[in-house]
Every structure is written in C-alpha cells, then in structure tokens.
Amino acid sequence: MPVDVSAPAGPVDTQGLHRAIRWPQAFWLASGVPALVLFSIGGIAATIGNPSWVIWIISVSFGFLQAFVYAEIAGLFPSKSGGASVYGAAAWVRYSRLLAPLSVWCNWLAWTPVLAIGGGLAAGYILNVFFEPESAIRSWQITLVNLDGLKSGLSLRIDATFVLGAALLLLVFAVQHGGVQRAAKFQTIIGLAVVVPLLIVGIVPLVTGDVLAENLTPLRPLAFDDAGNVTEGVWNIPGWTLFLGGLFIAAWSAYAFETAICYTSEFKNPAYDTPRAILFAGLLCIVVYTLVPLSFQGVLGVEGMLQEGIVDGSAVAGAMAGMVGGGSLVFSLMVIMLILALLLAVMTSMAGSSRTLYQGSVDGWLPRYLGGVNSHGAPTSAMWTDLGFNLILLMMSDYLFVLAVSNCCYLIFNFLNLNAGWIHRIDSADTPRPWRCPTPLMAIGVGLSFVNAMLLGAGANVWGEGTLMSGIIAAALILPVFAFRHYVQDKGQFPKAMLEDLHVTSRDLKVRKAGMKPYLALAAGVAIAFAANTIFQL
C-alpha cells in the first residue's frame, strides 16, 4: 500500500476535535461493525432462505471493493471528520448545493438508527435472559402513537425494552463524552471480547461438523405453498426480487466499516492512518460476514431460521450460543458477549454519526449548534442530538422497518459518494493524494454505485410496502434543514473552513470541469432505481 508516511500530520485544532489516535485505534472504534450482522441475519435468512449465506458474502465483497474509493477521497481532506459522505459532499457541491448536504444527511440517517436498534436488541436479550415471557416486566406496554399509516402494526410505545435500552444508550454516551482517545481505549477492550465470540460462532460449528451441506443447498429462494408450508422456490421475478431484497438489507451492515474513516481529523498522521484504518476494518468484516452467516444457516437450516424470534433478532443471540455447544455457563457467557457486541455497535455508531453531524455543521450543511465540542474534543452537541433522535426510534415497535428505511438513505449515500471519486479526480486533479485508488478499482466502485441504485429500487419494498417511499421522504427532510442553515443562518455563503478544505474560493465553485457528466450519472442512477422498482415485484 503506497502511502507517503512522511506527510505532515496536519495542524492541531485546539478548539475542535483533537488529533489523538492512530489507525489501530480507529480500527477498534470500527470493530462494532461486525456485530451488525446480528441485526439482520435472522430477517434475511427467514425471508430469502438458502441463498442468504451467499448474499452476505456478495454484500461484504461489494463493501470491500467500494472501500478503496473512499480511502482515496478521505486522503484529500486531512482536516475533516465525519466519514465518506463529507468527502463526497465536497465533490457534489460544485454541481448542486442540494446534492451535497443530501449525501451527509443520508449517511447520518443510515448510521444513527444503530443506536436505537442495537440498544433495543441488547435490552431484549437481557430481558430474555433474566425474565420469563409472561412476566409482568416484559408484558407491560403503553402505546403512545399508532403508525399504521406507515406500516400495518407499527406504533410508538414505551415498555421495558425502551426503558432498559435508553439506560444503555446513556451509558454509551457517558463513555463517548470523554473524547475519542478514551472511547478508543474502551472499545479496544470490549472489541476483543466481541470479535472473539463472533469468530467462535463462525468457526466452531465448521470444525465440529455441525454445518450441514443440506442446510446450505439448493440455492433457491424461499417459497410457501397454499397451506403455508415451506417449499422450494424458483428463480423467477419474485425469486430474484427476494434475492435483491436480501442484498439491499445486507448492505446496511456489510458496507458499514467505512466508518473507520470518520476520524480523519483526529488521526495523528491522516495520510498514513486513513487507508489502513478502512482496509483493515474491511478485512475483519470479510471474515466475520462470511463465517457467521455460513455457520448460522448451516446449523439451523431453513426450519430453524423460521422460528419465532429469529426474524426480529430477539432470539438470534440464544440461537448462536446454542450453536457452540457446552452447558448453561457457556450459553450464558456467549449471550453476555453478544450483548456486549451490540453495545460495541452502538458505540461505533454514536462515534461516527455524531462526527458526521459535527462536520456537517462546520461545513455549512447542518445547523450551527451541532458544531459544539467539549473540553475533551467530543462533539457533544451532535451526540445529544443523536441520543434524542434515537430515543424516539427506540419507541418503534418494529426495528426491522426502521433498518430498512434507513438503508434506503444509506444506498443513496453510497451512490453519491462512489461517483464522488471520479468527480474529485476531474475537479481536484492537482490536489495531493496520499493514497491513490488503482483506476480499475475506481471503475469497479463506479459500477457498484449503479448496482446500489438497482438494489434500492428492487429490494426496499421486500421489507414492507411503502419502505422505498418512506426512505425518499426521510432523505428529503434535509431540504428545509439545509435551507435554514445556508440561507437563514449563513445568508447564502459557505463557511470559510469548508472552502479552505476544498482549496478553492467561492468563485472557484462555479468551475465545473466534469461538465454534464455528474448530472448524467445521477439521471442514470434514478432511471435504474425506477426501472428496478417497476420490474422486480413479489
């Protein structure tokens, strides 16, 4: 990996985020990403059937190939935090003042629900371990708002899961409040306790021979007969729709190690640390996202994956603990470690998503108050916003719906940012690149941007009618937010810091060397998503 290790570390920002970490610490800050497999492994397996393990391998491979593009564009901005969306927004701002904040917003809306979903699942696991299903503490519920208009059966409610989940989120907030260095040390310790059990779950069943070939084949989608019994599906339009729906929802987890470059402005040597952080995090995810789904399906089979609690994730930890054998002590230890895995995912998300809000504020996309930091260099204003938003999401009765809607935003972000790679090469050709993505990999990344557009159109509604439209509405919420910041607070001008990072002036923003190409790419992406949504139906 040719990296200029002699590149300057960059200025120390005494008023903003602190340059305090190296790439191994960012790797551990991103180590919560492998635990995201727990969020949707059950839903994918119970919806798609036998091909689910193939879906995970394909999806994490897509994510790894995309990471090379993100590693290059991150190196262009050694003083920015917030991740790939911030670096991509800097490419699109010349062509549209609305597309740039859309990238940042969609990235945040994709990442921030990890707090609510992870906190809710962890709370559910704890309640499952210590309380019987019919106990009073698990059965009480206060319904606040009925949301049948979005999805049948959806509501906002307060119950034991919400109360315990909120307490877990506050605990994570307390750790993050001490700054990136303390958070990295804490996550290094927890990360070791998390990665190890996930590897155990992935490796032990393969070694003991509990992974059965008949549970992995034939590679045909799940189908049911008129009596509701499982039958062998066929590769027709509905079958391919299910498969693409699986790739759609898997992307939310399998691409997510790109969060390793959220800390560029906190690296001691951004030129050296940035590409290593994302690529080594990607290698870890390739191992986990290959082994864990393979063993999970190989042990349980389709019938096991259709059991109650697998689809919504509440019984996944217990099922995985049972896969490794041993007595009740081993079972309890595995469940505890998987709970820690969820908390680690929450910590990873809070660290990354709050920095996206912070940098979005510094660059003029989001309200000014989000740019506040405490004495430890932690973006506390953004963290409080993250926490408040997720306390609302934590009241949702269907976490998988929240995940699917947020993933619509995530694929929009990936489409925009993969195309940002070649836009930066045209518009910022003379800007030094500490690490340059090989051109064939850049081309693959651009191709995958259109694959993501297809997955958005074809796969979103597999997870509930209206999911795609809900995702589009969620993405559009940036319009009034950006309008308030840019036209009310900033009087139509961008902050000086944003322009300095671009190495341009306000006048230079009118120079569009790529011409019509970005607009044509955008039009092609929209057309592909629309066509896929029309063709692929259940």
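Residues numbered from 1 in each chain as written. Predicted model: local features only at pLDDT ≥ 70, side-chain atom pairs only at ≥ 80, totals over all residues. Heavy atoms only, no water.

1. Section: the environment of Asn-269
Move 1: Looking at where Asn-269 falls in the secondary structure, it is placed in the loop between α10 (237–254) and α11 (270–305).
Move 2: Counting along the chain gives 191 residues from Asn-269 to Pro-78, while the straight-line C-alpha distance between them is 8.5 Å. (Helix = DSSP H or I, 4+ residues; strand = E, 2+ residues; numbered from the N terminus.)

2. Looking at the packing of helix α8 (residues 160–176) against helix α13 (residues 328–362)
Move 1: Interaxial distance between α8 and α13 falls to 10 Å at its minimum, and their mutual angle equals 55 degrees. By the angle between their axes, α8 is oblique relative to α13. Here α8 and α13 pass one another in a crossing that is right-handed. Residues Leu-168, Leu-169, Val-172, Phe-173, Val-175 and Gln-176 of α8 lie in contact with α13, whose contacting residues are Leu-343, Val-346, Met-347, Met-350 and Ala-351.
Move 2: Broken down by class, the residue content of the contact of α8 with α13 amounts to 10 nonpolar, one polar and no charged. (Axes fitted to C-alpha atoms, helices over the stretch in contact; angles between N-to-C directions. Parallel < 35°, antiparallel > 145°, perpendicular 65-115°, else oblique. Left-handed = near helix turned anticlockwise from the far one by under 90°. Contact = heavy atoms within 4.5 Å. Nonpolar A, V, L, I, M, F, W, Y, C, P; charged D, E, K, R; others polar.)

3. Some points on the side chain of Ser-354
Move 1: The topology assignment puts Ser-354 in helix α13.
Move 2: If we skip the residues at most four places from it in the chain, Ser-354 touches Ser-349, Pro-379, Ala-382, Met-383 and Asp-386.

4. Details of helix α3 (residues 52–75)
Move 1: If you check α3, its first and last C-alpha atoms are 35 Å apart, about what 24 residues at 1.5 Å a residue would give, namely 34 Å.
Move 2: The largest bend along α3 reaches roughly 25 degrees and is located at Ala-67.
Move 3: Taking burial as the measure, the 24 residues of α3 include 20 buried ones, the bulk of the element. (Expected span 1.5 Å × (residues − 1). Bend = angle between axes of the 7 residues up to and from the residue. Buried < 20%, exposed > 50% of the residue type's maximum accessible area, 1.4 Å probe, protein only.)

5. Brief notes about the environment of Ala-90
Move 1: Relative to the assigned elements, Ala-90 resides in helix α4 (residues 84–92).
Move 2: A relative accessible area of 4% places Ala-90 in the buried class.
Move 3: Taking the C-alpha atoms as reference, Ala-90 lies 9.8 Å from Ile-73; in sequence the two are 17 residues apart.

6. As for the pattern of salt bridges
Close approach of charged atoms lets side chains of opposite charge pair.
Move 1: Taken as a whole, this structure holds five salt bridges when the rule is applied.
Move 2: Between Arg-425 and Glu-72 there is a salt bridge, with the nearest N and O atoms lying 2.8 Å from each other. Here the residue Arg-425 occupies a position in helix α15 (residues 399–427), and Glu-72 occupies one in helix α3, the gap between them amounting to 353 residues. We note that Arg-425, like Glu-72, is buried.
Move 3: With a shortest N-O distance of 3.6 Å, Asp-159 and Arg-157 are connected by a salt bridge.
Move 4: The exposure class of Arg-157 is buried, given its relative accessible area of 6%. (Salt bridge = Lys/Arg side-chain N within 4 Å of Asp/Glu carboxyl O.)

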